[in-house]
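Per-entry structural report
Here is how the chains run, residue by residue.
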2 protein chains.
Amino acid sequence: MFKMESYLIFKDLAIILLAAKFFGILARKLKAPMVVGEIIAGLIIGPCLLGWVQQTDFLIKLAEIGVILIMFSAGLETNLKELKKSGVLAFCIACMGVLVPFIGGFLLYIAFNGFDGIGTDGFFRGLMIGSIMTATSVGITVETLKELGYLKGRIGQTILSAAIIDDVIGIIVLTFVIGFKDPTSNPVLVVTNTLLFFALAIVGGYIIYRIFQKIDARYPHSRRIPIIGLALCFGLAYCAEEYFGIADITGAYVAGIILCNIRDAEYIDRKININGYMIFGPVFFVCIGLKTSLDGLNMNMLWFSVVFVLVALVTKIIGCGLMAKIFKIRGVDCLKIGVGMMTRGEVALIITQKGMDIGMIDSSYFTPVILLIIISSISVPIILKCLYTKAPDPVEVA
Amino acid sequence: MFKMESYLIFKDLAIILLAAKFFGILARKLKAPMVVGEIIAGLIIGPCLLGWVQQTDFLIKLAEIGVILIMFSAGLETNLKELKKSGVLAFCIACMGVLVPFIGGFLLYIAFNGFDGIGTDGFFRGLMIGSIMTATSVGITVETLKELGYLKGRIGQTILSAAIIDDVIGIIVLTFVIGFKDPTSNPVLVVTNTLLFFALAIVGGYIIYRIFQKIDARYPHSRRIPIIGLALCFGLAYCAEEYFGIADITGAYVAGIILCNIRDAEYIDRKININGYMIFGPVFFVCIGLKTSLDGLNMNMLWFSVVFVLVALVTKIIGCGLMAKIFKIRGVDCLKIGVGMMTRGEVALIITQKGMDIGMIDSSYFTPVILLIIISSISVPIILKCLYTKAPDPVEVA
């Protein structure tokens, strides 16, 4: 054993980081999201084209950590206090914003592949497609509204709150879909396990929250806070899978929610994000590119992708917009809310990845999801600007 | 493939982070360095005692990244401009501060194991022990001098400069020792390769430095700077091993030196450090504990450890102190310099790890190194305080 071969990972990492950064910047210059650039970097340096980097067990595990960090960060950025204030309107919009795309995705799959009956593999694949459609990613909407100066307005705040609730409901839906997937699973057991997990998460989470509050008060901004927080995130991800049969990403997200209200939540989030964007994030997105094979791309899949994108966009407008209309909101404002909720991002990719990991869908489904991210991210800012130019928010009486 | 087993890594990571932080804090409370606490955490949770975490291929690779990040950071923290000012005195002290411990370590090994002749395995093992003794880690000395208010004094600045030059010389010595180790290696080729690497590093490094300066001027404090810097670090680590047969840690260190003078060097260093202390660093130090087996610890090794520590401490005092004396520095100040250079830290562990990776020494040599780190870190602050209380720095005429 004269020469350890482990230094070979440094070559992979160097290429991944450079390519991800280069294409990420390029994508942003073309007004597309950076993650899309990173995925394309993976396609180019991977077996599809240049073959410089292959998927290895090590990279897959680094990417897994990347996923966990993204979900933890998403949880941390939830503002529970704001959420309590946001009220019934945002909650109802979020519910319909999950339900309509979920059903839409399911029906879309059935329309393309036929209905085999409840409980079949095809049935669950349909539910998975539905789950992928649920996750809103409002980053781009927030940027746009900020730029227009309407983020603090009533519509902007409603979109923001609804998007956060939307995430929580989406995670719950996904957890059930994955739980029921195992054909040997006892439905009662799945429901019990899932409910037990969330019940324990609330009770145990409250205790952990109080402990963190104490550490935070005594040692604010110390290194131990993000490190113990990260340990909690890994721990919950593991426990969710091991003891409750629940997706590890649910565990990581719940860990984020538990800590989102301590004073140093933003501090933890910053440290996690630095770890995320320096190594683990690029590895995850590049890995998606590495495993996306263009061989499986036939006309059927292309058609599916186009319709998939349309359904995903329209169902958000219908779900959120109609619900807003029921609350007697002005028509054009309903449209603003619906359009604002259309954007998808990392979480849609993570759910697709999860569906692949457990064998529910294959890697060809990355194509429609990537397409959806690109199209929604480019179109939403344009449409929102048009809507706000034509019909600015009514001036509110302070 | 219904259930991916990769979530098991989260259990390992959660335990490692919690244990490392807990014992790290405990060690600091007992005035010992945190890394020692983290190594002890590894001993406790590892196969030695509780058996909660085993060494896996994944953890070993994460630890390798940790090593690379530490060396990159050490390079980044080198201040070339200060170094140029520091002059002949610091340079001579550093040379003797490497040479005397190197010879001391070699002779110590010979004394315990006999001399088998030049070029034998035992000969190179002796050189390796010598290399381990060379690396000063002035962190604790700097802390102590800062506390005493003498860091900016002439003695403090001399120690600081000498310690930095000491690192550079130590790395060069190590590079040659490792290069010559391979019995099939052609000595001329090793020297040529090593010189070629450093020559290319200077020329290529200057070009890279200028490119980074430009990026830095256009996009100061942007994410691309630390990311491309990290890619450079991984790239050089890989190239050093692959094309020059040089240790990857040398490559990472050189990458740090190349970037240490750009304006955002500190910014890069901060981001690298956050990645280091959040995940990779703890994994590296805990892994040392995981692989340290107390089985191989016999009376001979214990005796060796005690003498090893004594030799390591005394040779630094002799090497640095005598050289200072030659420059006509006051006796007690020579002693301050010698004592200040005695502390060892992470780099000694990294060199030991490297020696193990390439099969030159076995894991039982971690024991003397850990002992050396503990004893030097605890004793140096006490001795320095005594010396400065009895004989403060002479007031300089400004």
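All residue numbers here refer to positions counted from 1 along the written sequence of the relevant chain. A letter from A marks each chain and a number from 1 marks each ligand, given out in the order of writing. For this predicted model, a pLDDT threshold of at least 70 governs which residues receive local features, and a threshold of 80 or more governs which side-chain atom pairs are given and counted, while totals over whole chains, interfaces and linings are taken from all residues. In computing side-chain values, all of the structure's heavy atoms are included and hydrogens and water are not.

**Some words on the relation of the copies chain B and chain A**
Rules: Least squares is used to superpose the copies, and the fit set is the C-alpha atoms of residues whose pLDDT is at least 70 in both copies. We call two residues in contact whenever any of their non-hydrogen atoms come within 4.5 Å of each other.
Mapping chain B onto chain A calls for a rotation angle of 180 degrees and an axial translation of 0.0 Å; the resulting RMSD is 0.0 Å. Such values leave the two copies arranged in the relation of a two-fold axis. Ranked by how close their C-alpha atoms come to the rotation axis, the residues of chain B are headed by N275 of chain B, at 2.7 Å. A shared interface surface links the copies, since 100% of the contact residues of chain B are contact residues in chain A too.

**Here we look at the interface of chain B and chain A**
Under the convention used in this document: What counts as buried area is the accessible surface, traced by a 1.4 Å probe, that two parts surrender upon association, with contributions from both included. The rule for a salt bridge is simple: a side-chain nitrogen of Lys or Arg has to be within 4 Å of a carboxyl oxygen of Asp or Glu. Pairing of N or O atoms within 3.5 Å defines a polar contact, subject to two protein rules: one partner must be a possible hydrogen donor and the other a possible acceptor, and residues neighboring in sequence count only if both atoms are side-chain atoms. Numbering of helices and strands runs from the N terminus, with a helix taken as a DSSP run of H or I at least four residues long and a strand as a DSSP run of E at least two residues long.
The partner chain A presents 55 residues to the 55 residues of chain B that form the contact. With both sides pooled, the region where chain B packs onto chain A buries about 5400 Å², and carbon together with sulfur makes up 75% of that total. Across the contact surface, chain B and chain A share zero salt bridges. Linking chain B to chain A there are two residue pairs in polar contact (both at pLDDT 80 or more). The set of elements that each furnish at least two residues to the side of chain B that touches chain A consists of α1 (8-29), α3 (57-76), α9 (224-244), α11 (265-291) and α14 (346-357) of chain B.

**Considerations on the packing of helix α5 (residues 121-134) of chain A against helix α12 (residues 299-326) of chain A**
Residues and elements named next belong to chain A. We apply this condition: Axes, fitted as lines to C-alpha atoms, cover a helix only where it is in contact. Angles between the N-to-C directions of the axes lie from 0 to 180 degrees. Any angle between 65 and 115 degrees counts as roughly perpendicular, while under 35 counts as roughly parallel, over 145 as roughly antiparallel, and the rest as oblique. The hand of a helix crossing depends on one turn: near helix anticlockwise from the far one by less than a right angle means left-handed, and clockwise means right-handed. Note that Gly is not counted as nonpolar here; it falls among the polar residues with everything else outside the nonpolar set of Ala, Val, Leu, Ile, Met, Phe, Trp, Tyr, Cys and Pro and the charged set of Asp, Glu, Lys and Arg.
Interaxial distance between α5 and α12 falls to 10 Å at its minimum, and their mutual angle equals 55 degrees. In terms of their interaxial angle, α5 and α12 are classed as oblique. Considering how the two elements wind past one another, α5 and α12 form a crossing that is right-handed. Along the contact surface, α5 presents I129, I132, M133 and T134, while α12 presents F304, F308, V311, A312 and K316. Here the residues of the contact of α5 with α12 are counted per class, giving seven nonpolar, one polar and one charged.

**Remarks on empty space enclosed by the protein**
All names here are of chain A. What counts is decided by this rule: A pocket, in this scheme, is an open set of points on a 1 Å grid over the protein atoms alone with protein on both sides within 12 Å along at least 5 of 7 lines, while a cavity is a set where a 1.4 Å probe fits but cannot get out; residues line either one if an atom lies within 4 Å of a point. Grid points are joined across faces, edges and corners, and a volume is the space filled by probe spheres set on the points.
All chains considered together, the criterion is met by five cavities of 30 Å³ or more. Of the voids in this model, the largest cavity is the one considered here, and its volume is about 90 Å³. Taken together, M71, T134, A135, D166, D167, G170, I171, L174, Y253, V347 and I351 make up the full set of residues lining the largest cavity. At the level of secondary structure, the elements contributing two or more residues to the lining of the largest cavity comprise α7 (154-181) and α14 (346-357). Considering each element in turn, the lining of the largest cavity owes the most residues, five residues, to α7. A breakdown of the residues in the lining of the largest cavity according to their chemical character gives seven nonpolar, two polar and two charged.

**Focus on the environment of I159 of chain B**
Residues and elements named next belong to chain B. Operational definition: Classification of residues uses two cut-offs on accessible area relative to the type maximum, computed with a 1.4 Å probe and protein chains only: under 20% is buried, over 50% is exposed, and between them is partly exposed.
With respect to the helices and strands, I159 occurs in helix α7 (residues 154-181). In this structure I159 comes out as buried when scored by relative accessible area, which is 2%. For I159 and L174, which are 15 residues apart along the polypeptide, the C-alpha to C-alpha distance reads 22 Å. When sequence neighbours within four positions are dropped, the list of residues in contact with I159 reads V138, T141, L145, K336, I337, G340 and M341.

Treat this as a map of the structure, not an account of what it does.
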